[in-house]
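Tertiary structure, described
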Amino acid sequence: MPVTSEAATTWTGSLTEGSGTVRFSSSNLGTFPIDWKSRSEGSETTTTPEELIAAAHASCFCMALSHALSENGTPPERVDTTASVTFKPGTGITGSHLNVNAKVPGLTAEQFQEIAEGAKTGCPVSQALSGIEITLEATLA
């Protein structure tokens with residue numbers, strides 16, 4: 001059965017002068033502020049659409065990799081992934097870089113790289129982002 005997830009945004013004002021908030025239907029964490037300046041210049045206190053995409057990509061990739069490793073007979077003890085999504089004003093989202101470090105007993109670095117590449121390709125969020133370059137850096141702990 002399909003599952004639908006929701007997030008909602010409220011925005012006031014113009015693109016460059018306005019601001020808004022994002023909230024998630026599954027969370028009671030409140031709202032997260034968004035604005036153009038943070039998106040186009042970066043910020044450590046205000047979220048961006050790209051940060052939300054990065055969270056989705058890192059989460060989905062961890063799940064896909066954990067599944068692939070388990071299917072291989074080498075379930076991971078731990079998988080840590082950071083996704084870095086790049087936005088260029090005037091161009092758009094140009095790429096997502098996955099940096100994964102995992103503790104997987106009984107696996108060589110070459111085997112891990114091969115399985116991680118497969119998980120990158122098979123991850124539903126990677127598939128949704130197929131219009132941009134997706135790169136991967138995979139290391140064993």
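Here the structure is a predicted model, which means the values were calculated and not measured.

**Description of the nonpolar core**
Phe-61, Leu-65, Leu-69, Val-100, Phe-112 and Leu-136 are the most contacted members of the largest nonpolar core, which has 26 residues in total. For this core, the secondary-structure elements that each account for two or more residues are α2 (49-71), β4 (78-88), β5 (92-103), α3 (109-122) and β6 (133-140). Residue contributions to this core peak at 8 residues, all from α2. Not counting residues up to four positions away in its chain, the partners in contact with Leu-136 are Phe-61, His-97, Leu-98, Val-100, Gln-113, Ala-116, Glu-117 and Lys-120.

**A few points about the pattern of salt bridges**
Scanning the entire structure with this criterion turns up 4 salt bridges. We note a salt bridge from Asp-80 to Arg-78, for which the minimum N-O separation is 2.8 Å. Judged by its relative accessible area of 33%, Asp-80 is partly exposed. On the accessibility criterion, Arg-78 (52% relative accessible area) is exposed. Glu-117 serves as the salt-bridge partner of Lys-120, at 3.4 Å between the closest nitrogen and oxygen. Here Lys-120 and its partner Glu-117 are both found in helix α3, 3 residues apart, which amounts to about one turn of the helix. Its relative accessible area of 31% is what places Glu-117 among the partly exposed residues.

Conventions adopted
Residue numbers run consecutively from 1 along every chain, following the written order of its sequence. In keeping with the predicted nature of the model, local features appear solely for residues at pLDDT of at least 70, side-chain atom pairs appear and are counted solely at 80 or more, and the whole-chain, interface and lining totals rest on all residues. Each side-chain value is worked out from all heavy atoms of the structure, with water and hydrogens disregarded. By nonpolar core we mean a set of buried residues, namely Ala, Val, Leu, Ile, Met, Phe, Trp, Tyr and Cys, connected to one another through side-chain atoms within 4.5 Å. Buried, partly exposed and exposed residues are distinguished by accessible area as a fraction of the type maximum, computed with a 1.4 Å probe on protein chains only: under 20%, between the cut-offs, and over 50%, respectively. Helix numbering and strand numbering both begin at the N terminus, where a helix is a DSSP run of H or I of at least 4 residues and a strand a DSSP run of E of at least 2. Note on contacts: a residue pair is in contact if any heavy atoms of the two residues lie within 4.5 Å. One side-chain nitrogen of Lys or Arg within 4 Å of one carboxyl oxygen of Asp or Glu is enough to make a salt bridge.

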